Amino acid sequence: MKQLNNDNIRNIAIIAHVDHGKTTLVDAMFRQSGTFRDNQETEDRLMDKMDLERERGITIAAKNCSVDWDGIKINILDTPGHADFGGEVERALSMVDGAILLVDASEGPLPQTRFVLSKALKAGLKIIVVINKIDRPDARCNEVLDEVYDLLIDLDADESQLEFPLFYAIGRDGIAGESFENPGKDLKSLFKAIVSDIPGPSYDDDEPFQMLVSDLSYSDYLGRLAVGKVINGSVHSKDSLVCINAEGKQQSLNVTKLQVYNGPGLAETDTVSPGDIVVLSGIEDVFIGDTICTRDNPKALPRITVDEPTVSMLFAPNSSPLLGKEGKFVQSNKIGERLQKETMLNVSMKVEQQMGGEGFIVKGRGEFQMVILIETMRREGFELSVGRPHVIFKKDENGKKLEPIEHLFVDCEELYTGVVTEKLSKRKGRMINFVSHENGRSRLEFSVPSRALIGYRDEFLTDTRGTGIMSSYISGYEEYRGDFPERHTGSLVADRSGECVPYAIFNLEPRGKMFVKPGDVVYEGMIVGEHSRENDLNVNPVKTKKLSNMRASGKDDAVTLTPIIPLTIEKSIQYIKEDEMVEVTPKSIRLRKKILTAMDRKIAAKK
């Protein structure tokens, strides 16, 4: 066994919390490495390729790119900053030998950073720390550096990982340097640190070609594409190889095209050296975690392991009277095929057929991951109904019920700490830490059940007048903490079909908050508003004013309606109760009862 390093390549991941400037820094690295001509027009946030990523300003899918610096190829992996996309993180980290930890100079390391960093440290990756946005007026670089050290020690980093190179940066301007007072004029010092401090990928010179599939893609011209790091050996275009799946079965394949990352795109090549990240075409039945190796000497590599799902949701075909009016794909088998395709691309998601009925139980890392999947499907033309998210419970060896617990961080003004603490304690949350900052804001830490946070986010923003920030990560499973009330209000349910009219809505407004506006089409069983009391109320939102031939004394009052806040998928799935569903189509989001007719609901309640 002869271990060598390929010093012509560096593979790094960039780790950061949402909105700490990760994608902007990658843009600057592209520009300064000579990837583009000086006069070439380029768009901002090049790595945010999905429409949803550009709209929300977050990274959802891990993506690869490369830059060249002094003749050395640097493969960069852009990792998501949200713990719900942990599956993306784990497969991205399987391809790299080091990581850049990017931290905001004001906010410091936040919970999602902690989640991804813990995975990187467990993988033994070399860390470079970059404190970004040092030009912020509220920057506190020294305190943030102390917080980074505390975080690394808390995550059991070894001595070599604690002795990290440190840089201060303004990613937007493409500046990074070792001095806070003088961060320099470019990213040269950061590039030099990547080359000198991150080791080249190691490989065994005696082993034949082996590649671990860490990502999948699809091309209309080439079919299924397998993306992964070459662990040992090298491969040539047109080579005869085999793919070893989870059961150890071998499937032959001929490499039809061999590609490597070149800037933000791909370039065709004839041969690939050990440690490089390669895109192979020529195989259909390949999954994340499979090993691709030589036919003469097939050896499987350890598969990528991911944390277990903690949240499940029902995805079912739409069964409302408006079925098929807005969507292109409405059949159960089409929805099932799309969900199975998602599990191939996302290792952290699982799909099961629902017992005794139409629909599928989708299991994942968090409700936000589910929201992104639903939003993606509706943009593709799917029409479906989804239920309320449920946490996945477990049992220990003694038969006790266990539930997922989250470590919650809350940053809000001191004025609102009382109401936040009260609400979370009612939801079985326990305060762990309380720090009061000089600027009048406080940071609170809680240990709360995952189910307590479903539906709480909107309430939290209302309680803190929109100024609070909350984020969390799964800390593990603990004994079930008991029941608590989740929603104190009922629903206003339409008792007939038709088109909403201003007169009816105006008279319903004293009953609660409305979700529909004049002209909206409703049907029996559709939820048109939130009742101000605990019980559900059947209402008529299509009722028109009765006209008579008697002349009124004085003219009618003009009807002025309260503007409604449009429903989003996040708000909808957090709002609904157990007997309710969200109807999602490419054009609309509607709330409805699982059982549409009032009579059938009464019979079901008696049973």
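If you're wondering where the values come from, they're calculated on a predicted model, not measured in any experiment.

A. Quick peek at the overall build of the chain. Scanning the chain from N- to C-terminus turns up 15 helices and 37 strands. Sorting the 607 residues of the chain into buried and exposed places 54% on the buried side. Considering only contacts in the chain between residues 6 or more positions apart, those separated by 24 or more positions represent 72%.

B. Local environment of helix 12 (residues 456-463). Buried within helix 12 we find Tyr456, Phe460 and Asp463. Buried residues of helix 12, seen end-on, are gathered within an arc of 65° and therefore sit on one face of the element. Just downstream of helix 12, Arg465 is the residue with a positive phi angle, here 55°.

C. Region of the structure containing the nonpolar core. Residues Leu101, Leu117, Ile127, Val129, Ile131 and Val148 are the most contacted members of the largest nonpolar core, which totals 40 residues. Examining the composition of this core, we find that six residues originate from one element, helix 5 (residues 141-154), more than from any other. Core analysis: the next-biggest nonpolar cluster, separate from the first, contains 28 residues, Ile12, Val26, Phe191 and Ala193 among them.

D. Up close: the side chain of Thr585. Mapping Thr585 onto the fold places it in the loop between strand 36 (580-584) and strand 37 (589-593). When its relative accessible area of 1% is taken as the criterion, Thr585 is described as buried. Within the structure, Thr585 has its side chain in polar contact with the backbone nitrogen of Ser588 (distance 2.9 Å). Beyond its immediate chain neighbours, meaning those up to four positions away, Thr585 contacts Glu326, Arg378, Phe382, Glu383 and Arg590.

E. Highlighting the packing of helix 10 (residues 417-426) against helix 12. It is the contact of helix 10 with helix 12, at a shortest axis distance of 10 Å, that shows an interaxial angle of 155°. The angle between the axes of helix 10 and helix 12 places the two elements in the roughly antiparallel class. For the pair helix 10 and helix 12, the crossing hand works out as right-handed. Between helix 10 and helix 12, the contacting residues are Val419, Val420, Lys423 and Leu424 on the first element and Tyr456, Glu459, Phe460 and Asp463 on the second. Tallied by class, residues from the contact of helix 10 with helix 12 come to five nonpolar, no polar and three charged.

F. Summary view of the environment of Leu567. Secondary-structure assignment places Leu567 in the loop between strand 35 (537-539) and helix 14 (569-575). Between the C-alpha atom of Leu567 and that of Arg590, which follows or precedes it by 23 residues, the distance is 7.9 Å. In this view, Leu567 contacts Phe515, Ser572, Ile589 and Leu591; residues no more than four positions away in its chain are not counted.

G. Highlighting the packing of helix 8 (residues 332-345) against helix 9 (residues 367-379). Where helix 8 contacts helix 9, the axes come no closer than 12 Å and their chain directions differ by 130°. With respect to helix 9, the element helix 8 is oriented oblique. Along this stretch, helix 8 crosses helix 9, giving a crossing that reads as right-handed. When helix 8 is examined against helix 9, the residues Ile335, Arg338, Leu339 and Glu342 are found in contact with a partner set consisting of Leu373, Thr376 and Met377. Considered class by class, the residues forming the contact of helix 8 with helix 9 number four nonpolar, one polar and two charged.

H. Layout of the state of the cysteines. All chains considered together, the criterion is met by zero disulfides. Here Cys293 is not cross-linked by a disulfide; its sulfur's nearest cysteine counterpart is in Cys243, at 8.2 Å.

I. Just the confidence of the model for the chain, in detail. Averaged over the chain, the pLDDT score is 81; the fraction of residues at 70 or greater is 89%. Ignoring residues within four places in sequence, the model shows residues 36-50, a span with pLDDT below 50, making 34 contacts including any to other chains.

J. Focus on the pairing of strand 16 (residues 265-268). In terms of strand pairing, strand 15 (residues 257-262) meets strand 16 through four bridges, oriented antiparallel. Each residue of the ladder has a partner; that of Val260, found in strand 16, is Ala267. Hairpin connection, strand 15 to strand 16: the antiparallel pair is bridged by two residues, and Gly263 has positive phi, about 65°.

K. Summary view of the environment of Glu284. Its place among the elements puts Glu284 in the loop between strand 18 (277-281) and strand 19 (291-294). The spatial distance from the C-alpha of Glu284 to the C-alpha of Gly223 is 7.3 Å, given a sequence separation of 61 residues. Residues contacting Glu284, with those up to four places away along its chain left out, are Gly223 and Arg224.

L. Structural context of the pairing of strand 2 (residues 9-16). Along strand 2, eight of the eight residues are buried, which leaves the element largely enclosed by surrounding structure. Note that strand 2 and strand 4 (residues 72-78) share six bridges and pair parallel. Pairing of Ala13 across the sheet is with Leu77, part of strand 4. Pairing analysis gives five bridges linking strand 2 to strand 5 (residues 98-104), with the strands arranged parallel. Bridge pairing links Ala13 to Ala99 in strand 5.

M. Just the pattern of salt bridges, in detail. One pass over the full model with this rule turns up 30 salt bridges. The residue Lys423 makes a salt bridge to Asp463 at a minimum N-O spacing of 2.8 Å. Highlighted residues: Lys423 in helix 10 and Asp463 in helix 12, separated in sequence by 40 residues. Its relative accessible area of 22% is what places Lys423 among the partly exposed residues. Looking at Asp463, the relative accessible area reads 14%, which means it is buried. For Asp536, the salt bridge is made with Lys593, and the minimal N-O distance between the two is 2.6 Å. With a gap of 57 residues between them, Asp536 in the loop between strand 34 (526-531) and strand 35 and Lys593 in strand 37 connect regions that are remote in the sequence. Of the residues examined, Asp536 reaches a relative accessible area of 34% and is grouped as partly exposed.

N. Region of the structure containing the packing of aromatic side chains. Evaluation of the coordinates by the stated rule reveals six aromatic pairs. Pairing Tyr456 with Phe460 gives two aromatic rings, centres 6.0 Å apart and planes at 50°, and the pair type is tilted. Of the two residues, Tyr456 and Phe460 both sit in helix 12, four residues apart, roughly one turn of that helix. Positioned above the aromatic ring of Tyr477 is the side chain of Lys394, whose terminal nitrogen or guanidinium carbon lies 4.4 Å from the ring centre. Cation over ring: Lys401 sits above Phe393, and NZ or CZ is 4.3 Å from the ring centre.

O. Local environment of unusual backbone geometry. Phi is positive for Asp70, which is not a glycine, with a value near 50°. When you line up the elements, Asp70 lands in the loop between strand 3 (63-69) and strand 4. The class for Asp70 is exposed, based on a relative accessible area of 70%. We note that Arg465 has phi near 55°; this positive angle belongs to a residue other than glycine. Inspection of the secondary structure puts Arg465 in the loop between helix 12 and strand 29 (469-479).

What counts and what doesn't
- Residues numbered from 1 in each chain as written.
- Predicted model: local features only at pLDDT ≥ 70, side-chain atom pairs only at ≥ 80, totals over all residues.
- Heavy atoms only, no water.
- Helix = DSSP H or I, 4+ residues; strand = E, 2+ residues; numbered from the N terminus.
- Buried < 20%, exposed > 50% of the residue type's maximum accessible area, 1.4 Å probe, protein only.
- Contact = heavy atoms within 4.5 Å.
- Arc of directions from axis to C-beta.
- Core = buried A, V, L, I, M, F, W, Y, C linked by side-chain atoms within 4.5 Å.
- Polar contact = N/O pair within 3.5 Å; in protein donor to acceptor, adjacent residues only side chain to side chain.
- Axes fitted to C-alpha atoms, helices over the stretch in contact; angles between N-to-C directions.
- Parallel < 35°, antiparallel > 145°, perpendicular 65-115°, else oblique.
- Left-handed = near helix turned anticlockwise from the far one by under 90°.
- Nonpolar A, V, L, I, M, F, W, Y, C, P; charged D, E, K, R; others polar.
- Disulfide = S-S within 2.5 Å.
- pLDDT = per-residue confidence, 0-100.
- Pairing = 2+ DSSP bridges.
- Salt bridge = Lys/Arg side-chain N within 4 Å of Asp/Glu carboxyl O.
- Phe/Tyr/Trp six-rings, centres within 6.5 Å; stacked < 30°, edge-to-face > 60°.
- Lys NZ or Arg CZ within 6 Å of the ring centre and 35° of its normal.

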